[in-house]
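# Survey of secondary and tertiary structure
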Amino acid sequence: MAKKLFMFEKPLGMRDTLPFLYELKKQVRSVMAEEIERWGYEFIETPTLEYYETVGAASAIADHRLFKLLDQQGHTLVLRPDMTAPIARVAASRLYEDGNPLRLAYNANVFRAQQREGGRPAEFEQIGVELIGDGTVTADAEVISLMVALLKRVGLGRFSVAVGHIGYVNALFLEILGNEERASALRRFLYEKNYVGYREHVKSWPLSSIDQKRLLDLLALRGGTEVMEKAKTLVTSDEGRRAADELEALMAALRTYGVAEAVKLDMALVSHMSYYTGILFEVYAEQVGFPIGNGGRYDDLLGKFSRPAPATGFGLRVDRLIEAIGETDVRGDIECIVFSQERLAEAVELAEAKRAEGKRVVLQHIAGIRDIDAYSQRYRSIVYLLGRSGRDGQ
Amino acid sequence: MLTIAMPKGRIFDEALELLRQADYQLPPEFTESRKLVIEVAEEQMRFILAKPMDVVTYVEHGVADLGIAGKDVLMEEERDVYELLDLQISRCHLAVAGLPGAKMNEIAPRVATKYPNIASTYFREQGEQVEIIRLNGSIELAPLIGLADRIVDIVSTGRTLKENGLVELERIAEVTSRLIVNPASYRLNGGDIERLVDRLAAVIPQP
């Protein structure tokens, strides 16, 4: 008989979470959620579907990567591609009323369509925070420190947070190139990580050799706080100086938080998330070729929902985090009681007692098992209540 | 240990030569073996040999820290990798070619290529609507036997075009090989990679 086409198939990028992975995710998630709550952030949930016109447009994910569908009235909907835009929507409409800082957290699946080969899920879990209404550098320092704290709590070995400032890049480009059009052309090379193209482009413009050198030097501004000295001399405009001062203040705050050693400056960092307006960062871990999380300041996003407010936050990808942590045996600690019909009452009683102690207990009738050897392998321990011996015989 | 994805074929020997000039001690019998993974313990390097088009995939997924890939491949694949150095080797260019004097089919102009992404982007930018036919090799055949009106391919000496009676019509972009780096490796193995980049940069012939 011909098998049904697609019987075991899933749409491109969709994955199942089997028990083993589920346990692992649950553990990682709960450790992180606990830490986030300790920092006073409150978790919220938002709908999976949002309007394309509002949240879809506010999100920084490219249009071709959105899953779109129509509702009964013909409005275009999207499966939420990130959590920052929905939270901005909620904050703007409901929560951010008195203008005081608001600390929100989320743990949700987001959806980004993809066309390439496997190895890239189109639906994945993110856990993160948004600090809305606080424009100080301390707020940036807090979210970075919290992110580092989470990574340490889940036992991640080597990781590195790259921090940059989009305002710095913009200011430098604008003061040298004079117009936004040229600046955005150059920014695109940084965003595409195409340093060869960046250098060629800089050399092709009729700039003074000093200005050319300033633009080329930007690429080399990576490392610890020692980079700041050079970074400050590169810019002359007020915006540029202010951005550099912010980064310097950030690094000082991160030292106070005790996380400076996990952080590296990269003045040429430009994120794919186009809504960032200030300090931004990406985090990388060993064993994973892709960033495991990113974040930054997005002071213009809430304005798109008619309630302007400064904001900053981060999102971590649970799937990549698990890849980075590596496999650990977290098989569910489940006990099994195998019983025969005549001892059902006794089995139920025993199971209830164990469950009341907080244990995980499976209750299984012997007649339902086909291969007892294979079945018993699945559980940490197994109790047999079989035959007529009853309570007296125990 | 750094893992470097190298393209088999044309680019490989030139890239190897460049690494040797940069004073990396690589064994002479390197190219003769059929092994796909070659470790050079004394240099703390591991080379993986891949199809040129696949190098970018290995590097983007992070199974190789670095790679050497032609600009044509980078343009076609648009992967999320750092392009750090123009190695100035394996110079050629991407071009549109066709039979001399042949006009594009008015109803459905067709372009055969190994580079469907580059070709469709290029013609879209020219404001021309064309249909792309993907081929894997011997692209020059397509206009000769009527599969397509034009081809998009890399041209180095132009000899293959000439011998098949084709002429270059438009130049799309210059191509040389580039040193590419995985973003995570760039952050975490910074020191090792920077040293490699500096050593290579010092021996790259200036154009």
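Residues numbered from 1 in each chain as written. Chains lettered and ligands numbered in written order. Predicted model: local features only at pLDDT ≥ 70, side-chain atom pairs only at ≥ 80, totals over all residues. Heavy atoms only, no water.

## Remarks on the pattern of salt bridges
According to the stated counting rule, one finds 40 salt bridges over all chains in the structure shown. The partner of arginine 153 of chain A in a salt bridge is glutamate 34 of chain A, with the nearest N and O atoms 3.2 Å apart. In this pair, arginine 153 of chain A is assigned in helix 4 (residues 137–153) and glutamate 34 of chain A in helix 1 (residues 19–38), connecting sequence segments 119 residues apart. Residue arginine 153 of chain A is classed as partly exposed on the basis of its relative accessible area, which comes to 33%. The residue glutamate 174 of chain B makes a salt bridge to arginine 171 of chain B at a minimum N-O spacing of 2.5 Å. Here the salt bridges share partners, and the residues they tie into one network are Glu34, Glu35, Arg38 and Arg153 of chain A. (Salt bridge = Lys/Arg side-chain N within 4 Å of Asp/Glu carboxyl O. Helix = DSSP H or I, 4+ residues; strand = E, 2+ residues; numbered from the N terminus. Buried < 20%, exposed > 50% of the residue type's maximum accessible area, 1.4 Å probe, protein only.)

## Remarks on the sheet that holds strand 3 (residues 68–70) of chain A
Residue and element names in this part refer to chain A. In space, the 3 strands of this open sheet follow the order 2-4-3, with antiparallel pairing throughout. Strands at the two margins of the open sheet, each flanked by one partner only, are strand 2 (49–51) and strand 3. Adjacent strand axes in the sheet meet at a mean angle of 40 degrees, parallel and antiparallel pairs treated alike. As paired elements, strand 3 and strand 4 (residues 76–79) share 3 bridges and run antiparallel to each other. In the sheet register, leucine 70 faces strand 4, and the bridge partner there is threonine 76. (Pairing = 2+ DSSP bridges. Axes fitted to C-alpha atoms, helices over the stretch in contact; angles between N-to-C directions.)

## Observations regarding the interface of chain A and chain B
Contacts between chain A and chain B engage 26 residues on the former and 24 residues on the latter. At the boundary of chain A with chain B, total buried surface from both sides reaches about 2100 Å², with 45% on carbon and sulfur atoms. Together, Lys193, Val196 and Arg222 of chain A form the three largest contributors to the area buried by chain A at its contact with chain B, with a combined 29%. Counting every contact that joins chain A to chain B gives 4 salt bridges. (Contact = heavy atoms within 4.5 Å. Buried area = accessible area lost by both parts, 1.4 Å probe.)

## Considering the packing of aromatic side chains
Using the criterion set out here, one finds 9 aromatic pairs over all chains in the structure. On the basis of an interplanar angle of 35 degrees and a centroid distance of 6.2 Å, the ring pair of phenylalanine 173 of chain A and tyrosine 198 of chain A is categorised as tilted. With phenylalanine 173 of chain A in helix 5 (residues 166–177) and tyrosine 198 of chain A in helix 7 (residues 195–204), this residue pair connects regions lying 25 residues apart in the sequence. Accessibility expressed as a relative area gives 0% for tyrosine 198 of chain A, which makes it buried. Plain terms: the ring middles of tyrosine 122 of chain B and phenylalanine 123 of chain B are 5.4 Å apart, the flat faces sit at 80 degrees to each other, and that makes the pair edge-to-face. (Phe/Tyr/Trp six-rings, centres within 6.5 Å; stacked < 30°, edge-to-face > 60°.)

## Observations regarding the domain arrangement of chain A
Residues and elements named next belong to chain A. Per the domain assignment, the segments of chain A are domain 1 (13–139 + 289–320), domain 2 (159–285) and domain 3 (334–385). Summed over both sides, the interface between domain 1 and domain 2 buries roughly 1700 Å², with carbon and sulfur atoms accounting for 65% of that surface. Where domain 1 packs against domain 2, one counts 0 salt bridges. Where domain 1 packs against domain 2, one counts 8 residue pairs in polar contact (both at pLDDT 80 or more). Elements that contribute at least two residues to the side of domain 1 that touches domain 2 include exactly strand 11 (293–297) and strand 12 (311–317). The residue makeup of the side of domain 1 that touches domain 2, split by class, is 12 nonpolar, 7 polar and 5 charged. (Domains from an automatic or database assignment. Polar contact = N/O pair within 3.5 Å; in protein donor to acceptor, adjacent residues only side chain to side chain. Nonpolar A, V, L, I, M, F, W, Y, C, P; charged D, E, K, R; others polar.)

## Digging into the domain arrangement of chain B
Many analyses report the size of an interface as the accessible area lost when the parts associate. All names here are of chain B. Taken as a whole, chain B is organised into domain 1 (2–90 + 176–203) and domain 2 (92–174). Facing 9 residues of domain 1, the contacting portion of domain 2 comprises 11 residues. Between domain 1 and domain 2 the total buried area reaches about 820 Å² when both faces are included, carbon and sulfur atoms providing 53% of it. Connecting domain 1 to domain 2 are 0 salt bridges. Ranked by residue count, the leading element in the side of domain 1 that touches domain 2 is helix 3 (residues 71–77), at 4 residues.

## A look at unusual backbone geometry
Residues and elements named next belong to chain A. Positive phi, normally seen in glycine, also occurs at lysine 193, with a value near 60 degrees. Its place among the elements puts lysine 193 in the loop between helix 6 (180–191) and helix 7. Accessibility expressed as a relative area gives 7% for lysine 193, which makes it buried.

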